[in-house]
Amino acid sequence: MACSIRPTLSSFRFSTVASRSLSRPFLRLPSITTRALGESNRLRATRMVRRDGNFMRVMASQASTAASPENTLEWVKQDKRRMLHVVYRVGDLDRTIKFYTECLGMKLLRKRDIPEERYTNAFLGYGPEDSHFVIELTYNYGIDKYDIGAGFGHFGIAVDDVAKTVELIRAKGGKITREPGPVKGGSTVIAFIEDPDGYKFELLERGPTPEPLCQVMLRVGDLKRSIEFYEKAFGMELLRTRDNPEYKYTIAMMGYGPEDKSTVLELTYNYGVKEYDKGNAYAQIAIGTDDVYKTAEAVKLAGGKITREPGPLPGINTKITACLDPDGWKTVFVDNVDFLKELE
């Protein structure tokens, strides 16, 4: 069964054409890396300035400096980035859509069926994809159950009234795993629920927010290492940390804006736990960038692993790159301009 599951490619599918092109996970795709471009530019510069047996070395030197590690990592801080969507697999698409729309108040933004590749996608959220973080559900024909594993934690949703939301979910037959009440060691009212596939959602009581789908929580084996990686490679800001020695865990909130106005990544370190089983249900997060080539170089410099070299998708012009963080969590970076074109 495992080999028939679309591994983590659904976040690449921004249109029907893209979907069909990317349904083959192990297809080797032509791409031009930043390193290759840099070498090409260096050689071209050398040829251009060779004259009368002499070399003008200034231009080649400038090209080398432009691609230096320091410049690349500094560029990451200036890149225009936003968390676009999170991708995961479900066993009954209609059942999940019904739960998310009726119990969690999401809207079905679009749905796409690709029968020749035997999968269906559905995008849900609290606003349009060009300005909101959304969920991309993937249903693979004939697979009705997945292993969520122990590494994935939960999604966070900000609501006006946690108790009222919990009662609505209970009335609809939803599973409540933590009744409403203040968070341990704090005053924020929270509750936990599970969707029909077992994915956990934390409900957080907050005032109006432009980004209700506000958190993705993942567990990591070395919090300091993860913080440094997401700062350097992803350009995220460490918003805050909180240590809870009584319950033996520490969390770090990271993102591209304040927690009350944007979606953040919540990294959790449980004392003494270095590795987690990731299962086969959760897939990845997609993040927008102005340059997938520079992004890939930054990921490499920060110690990440590139699993899909940067370049355009076959058949369309959308440029992407994919990588793994030090714990093996996957992220796909998508060219900002190309992403908006695909939505059109």
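Note that the coordinates shown come from a computational prediction; the quantities given were computed from them, not determined experimentally.

Points about the pairing of strand S3 (residues 119–125)
With seven of its seven residues buried, S3 lies for the most part within the structure. The side-chain alternation of S3 yields two buried faces, one formed by Tyr119, Asn121, Phe123 and Gly125 and the other by Thr120, Ala122 and Leu124. Two elements, strand S2 (residues 107–114) and S3, share seven bridges in a ladder whose sense is antiparallel. Across the sheet, residue Arg112 finds its bridge partner in S3, namely Asn121. Linking S2 to S3, which pair antiparallel, is a turn of four residues; within it Arg118 sits at a positive phi near 60°. As paired strands, S3 and strand S4 (residues 134–140) are joined by six bridges and run antiparallel to one another. Pairing of Leu124 across the sheet is with Ile135, part of S4.

What about the environment of Arg112?
As for its position among the elements, Arg112 is in strand S2. Once the C-alpha coordinates of Arg112 and Phe123 are considered, the two residues, 11 residues apart in sequence, prove to be 8.8 Å apart.

Topic: the sheet that holds strand S13 (residues 282–289)
Taken in spatial order, the eight strands of this open sheet run S2-S3-S4-S1-S13-S16-S15-S14, and their pairing is mixed. One side of each edge strand has no neighbouring strand; the edge strands of this open sheet are S2 and strand S14 (305–312). Each strand axis lies, on average, 20° off the axis of its neighbour in the sheet, ignoring direction. Along the sheet, helix H8 (residues 292–301) makes contact with S13, S14, strand S15 (319–324) and strand S16 (330–335), crossing S14 at roughly 165°.

Some points on helix H6 (residues 162–171)
Turning to H6, its buried residues are Val162, Thr165, Val166 and Ile169. Down the axis of H6, the buried set is contained in an arc of 100°. They therefore lie on one face. Structural note: H6 exposes Lys164 and Ala171 on the side pointing more than 90 degrees away from its buried face. Buried-residue contacts for H6 involve helix H5 (93–102), strand S5 (152–159), strand S6 (175–182), strand S7 (189–194) and strand S8 (200–205). Of the residues flanking the end of H6, it is Gly173, one or two places downstream, whose phi is positive at about 90°.

Quick look at the nonpolar core
Tyr88, Tyr100, Phe201 and Phe234 are the most contacted members of the largest nonpolar core, which totals 58 residues. Dropping the residues within four chain positions of it, Tyr100 is found in contact with Tyr88, Gly105, Met106, Leu124, Ile135, Leu137, Asp195 and Phe201.

Overview of the sheet that holds S6
If you trace the eight strands from one edge of the open sheet to the other, you get S6-S7-S8-S5-S9-S12-S11-S10, paired in mixed fashion. With partners counted over all chains shown, the strands left at the sheet margins are S6 and strand S10 (237–244), one partner each. Averaged over all adjacent pairs, the angle separating strand axes in this sheet is 20°, with direction ignored. Here five bridges tie S6 to S7, and the two strands are oriented antiparallel to one another. Bridging across to S7, Arg178 finds its partner in Phe192. Sheet contacts for H6: S5, S6, S7 and S8; angle to S6, the most-contacted strand, approximately 165°.

Describing the pattern of salt bridges
Scanning all chains against the criterion turns up 17 salt bridges. For Glu167, the salt bridge is made with Arg170, and the minimal N-O distance between the two is 3.2 Å. Taken as a pair, Glu167 and Arg170 lie in helix H6 at a separation of three residues, close to a single helical turn. For Glu167, a relative accessible area of 46% gives the class partly exposed. Put simply, Lys300 and Glu297 hold a salt bridge, and the shortest N to O gap is 3.8 Å.

Here's the deal with the side chain of Glu194
Positionally, Glu194 belongs in strand S7. For Glu194, a relative accessible area of 14% gives the class buried. A distance of 3.3 Å separates a polar atom in the side chain of Glu194 from a polar atom in the side chain of Lys200. Those residues in contact with Glu194, other than ones at most four positions away along the chain, are Phe99, Lys175, Thr177, Tyr199 and Lys200.

Parameters and conventions
Residues numbered from 1 in each chain as written. Predicted model: local features only at pLDDT ≥ 70, side-chain atom pairs only at ≥ 80, totals over all residues. Heavy atoms only, no water. Buried < 20%, exposed > 50% of the residue type's maximum accessible area, 1.4 Å probe, protein only. Helix = DSSP H or I, 4+ residues; strand = E, 2+ residues; numbered from the N terminus. Pairing = 2+ DSSP bridges. Axes fitted to C-alpha atoms, helices over the stretch in contact; angles between N-to-C directions. Contact = heavy atoms within 4.5 Å. Arc of directions from axis to C-beta. Core = buried A, V, L, I, M, F, W, Y, C linked by side-chain atoms within 4.5 Å. Salt bridge = Lys/Arg side-chain N within 4 Å of Asp/Glu carboxyl O. Polar contact = N/O pair within 3.5 Å; in protein donor to acceptor, adjacent residues only side chain to side chain.

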